[in-house]
Amino acid sequence: MAQHFLLSAASRSLSLRKIYKAGEEAAYKTFCEMRWPETDGEAVCPRCGCCETYGITTRRKFKCKACHHQFSVTSGTIFASRKMDFVDQLAAICIIVNASKGVSMVQLSRDLDCQYKTAFVLAHKLREAMAQEVHTGEVLDGHVEIDGAYFDGHIRPENRKEDRKDRRLKENQTGQRRVVIVMRERKGRTLPFVSKQEPEGVELAKENIDRMASISADEASHWDLLHAAWPMERINHSVAYSVDGACTNQAESDFSRLRRMVMGQHHHVSPQYLCTPTTPHGWKTTAAFRTANRPARSSPTPWARRLAGTGKGIGSGRRDAERTENKRPIDSRPALT
Ligand SMILES: [Zn+2]
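Residues numbered from 1 in each chain as written. Predicted model: local features only at pLDDT ≥ 70, side-chain atom pairs only at ≥ 80, totals over all residues.

## Topic: the packing of helix α1 (residues 16–35) against helix α2 (residues 86–98)
Phase 1 of the analysis: It is the contact of α1 with α2, at a shortest axis distance of 7 Å, that shows an interaxial angle of 120 degrees. As far as their axial angle goes, α2 and α1 are oblique. Considering the relative orientation of α1 and α2, their crossing is right-handed. From α1, Leu16, Ile19, Tyr20, Gly23, Glu24, Ala27, Tyr28, Thr30 and Phe31 reach across to α2, where they touch Phe86, Val87, Leu90, Ala91, Cys94 and Ile95.
Phase 2 of the analysis: Grouping the amino acids of the contact of α1 with α2 by side-chain chemistry returns 12 nonpolar, 2 polar and 1 charged. (Axes fitted to C-alpha atoms, helices over the stretch in contact; angles between N-to-C directions. Helix = DSSP H or I, 4+ residues; strand = E, 2+ residues; numbered from the N terminus. Parallel < 35°, antiparallel > 145°, perpendicular 65-115°, else oblique. Left-handed = near helix turned anticlockwise from the far one by under 90°. Contact = placed C-beta atoms within 7 Å. Nonpolar A, V, L, I, M, F, W, Y, C, P; charged D, E, K, R; others polar.)

If you want it as structure tokens, here you go:
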């Protein structure tokens, strides 16, 4: 039987032990390499793009020879105006991206020895950066599994039996229940969305799946509408979970981890914030597949390290070049609800 990817050495690409053993200077150098991968960590002016700079080593700043603009490695990124050391910032990235079922902010604040609010803001910045990498506007291709799972909407029963209501009736429900719709390429990217009803996934599929792809879905009748546009593979879960390779098990695996994340780490997620754990989860799934399928001779730099290079103000030519094919206009990108 093949070894699970998470048990392999390739999955351990970013280690907390190595980060703290290497120290602050090495962490700073890593940030420079992440920010300016095209020049191997040599500073590039964010204002005019000039590669010739003076280094102000005592303040860890740079001054552009062309426009005299002063900047640092974090200028214009999610880490701008930071107070934490670089080694702690790198450790925060490591803890968050390695936690496949998420991590609570109280736990992160204890690990980093910082205030709860500091950990909370830092984690949200990292989640925002991950969301930018997930919803790029690039459509899914190959074989795509689509499915939905309902989250939240739990009604706590009253203390006394005589006060309790029938929670199955619509008038007694909170209206807070949301569905997470996942579209997942087999051995590829994962796109998660949050909606009120699972049938909304049909429109999302039209926007986010390539016309040459094929789709797997379960027996829910709203997926019948997809037969007109794609070769479909259906699996009736009341009969079997997998028949002759037809299944939606990859999508179900996402839901399984998401449920454990909500139950074990967040305990409760308000419907308007359900995309907060969902989108980074899609990023981690995609990152795991890309790391697993990285060519043996490619750069050992972990895919996760690119996270620190994302955020406002950084237009990475390399990232833009990767998205040339199947790119839709940015305005048609589906909004997270
Ligand atoms: Zn400049």
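## Some remarks on the pairing of strand β4 (residues 143–151)
Phase 1 of the analysis: Of the strand pairs in this sheet, β4 and strand β7 (residues 214–218) are connected by 3 bridges, and their pairing is parallel. Across the sheet, residue glutamate 145 finds its bridge partner in β7, namely serine 216.
Phase 2 of the analysis: Of the pairings in the sheet, the one linking β4 to strand β5 (residues 178–185) comprises 8 bridges and is antiparallel in character. If you follow glycine 148 over to β5, its bridge partner there is isoleucine 181. (Pairing = 2+ DSSP bridges.)

## Describing the nonpolar core
Phase 1 of the analysis: Ranked by internal contacts, the top residues of the largest apolar core, which has 50 residues, are Cys94, Ile96 and Met183.
Phase 2 of the analysis: The residues contacting cysteine 94, other than those within four sequence positions of it, are Leu14, Leu16 and Ile19. (Core = buried A, V, L, I, M, F, W, Y, C linked by C-beta atoms within 7 Å. Buried ≥ 20, exposed ≤ 12 C-beta atoms within 10 Å, placed from the backbone.)

## What to know about helix α6 (residues 249–266)
Phase 1 of the analysis: If you check α6, its first and last C-alpha atoms are 24 Å apart, about what 18 residues at 1.5 Å a residue would give, namely 26 Å.
Phase 2 of the analysis: Of the positions making up α6, those classed as buried are Gln250, Ala251, Asp254, Leu258, Met261 and Val262. What you see down the axis of α6 is that its buried residues fit within an arc of 120 degrees, all on one side. Exposed positions of α6 whose direction lies more than 90 degrees from the buried face are Met263 and Gly264.
Phase 3 of the analysis: A positive backbone phi angle near 65 degrees is found at histidine 267, which sits one or two residues after α6. (Expected span 1.5 Å × (residues − 1). Arc of directions from axis to C-beta.)

## Concerning the environment of glutamate 203
Phase 1 of the analysis: Along the polypeptide, glutamate 203 turns up in helix α5 (residues 200–208).
Phase 2 of the analysis: Sequence separation between glutamate 203 and leucine 226 is 23 residues, and the spatial gap between their C-alpha atoms is 9.4 Å.

## A few points about the confidence of the model for the protein
Where the model shows low pLDDT, its predicted coordinates should not be examined in detail.
Phase 1 of the analysis: Per-residue confidence for the protein gives a mean pLDDT of 82, with 86% of residues at or over 70.
Phase 2 of the analysis: Note on residues 296–305: pLDDT is under 50 here. Beyond four places in sequence and across chains, it has 12 contacts.
Phase 3 of the analysis: Counting interchain partners and residues more than four positions distant, the pLDDT-below-50 stretch residues 310–337 has 41 contacts. (pLDDT = per-residue confidence, 0-100.)

## As for the sheet that holds β5
Phase 1 of the analysis: Strand order in the open sheet formed by 5 strands is β6-β5-β4-β7-β8, with mixed pairing between adjacent strands. Each of the sheet's edge strands pairs with one partner strand only, and the pair in question is β6 (190–195) and β8 (232–235). Taking the axes of each pair of neighbouring strands and ignoring which way they run, one obtains an average angle of 20 degrees across the sheet.
Phase 2 of the analysis: Bridging between β7 and β8 involves 4 bridges; their strand directions are parallel. Residue alanine 217 lies in a different strand from β8, and its bridge partner there is arginine 234.

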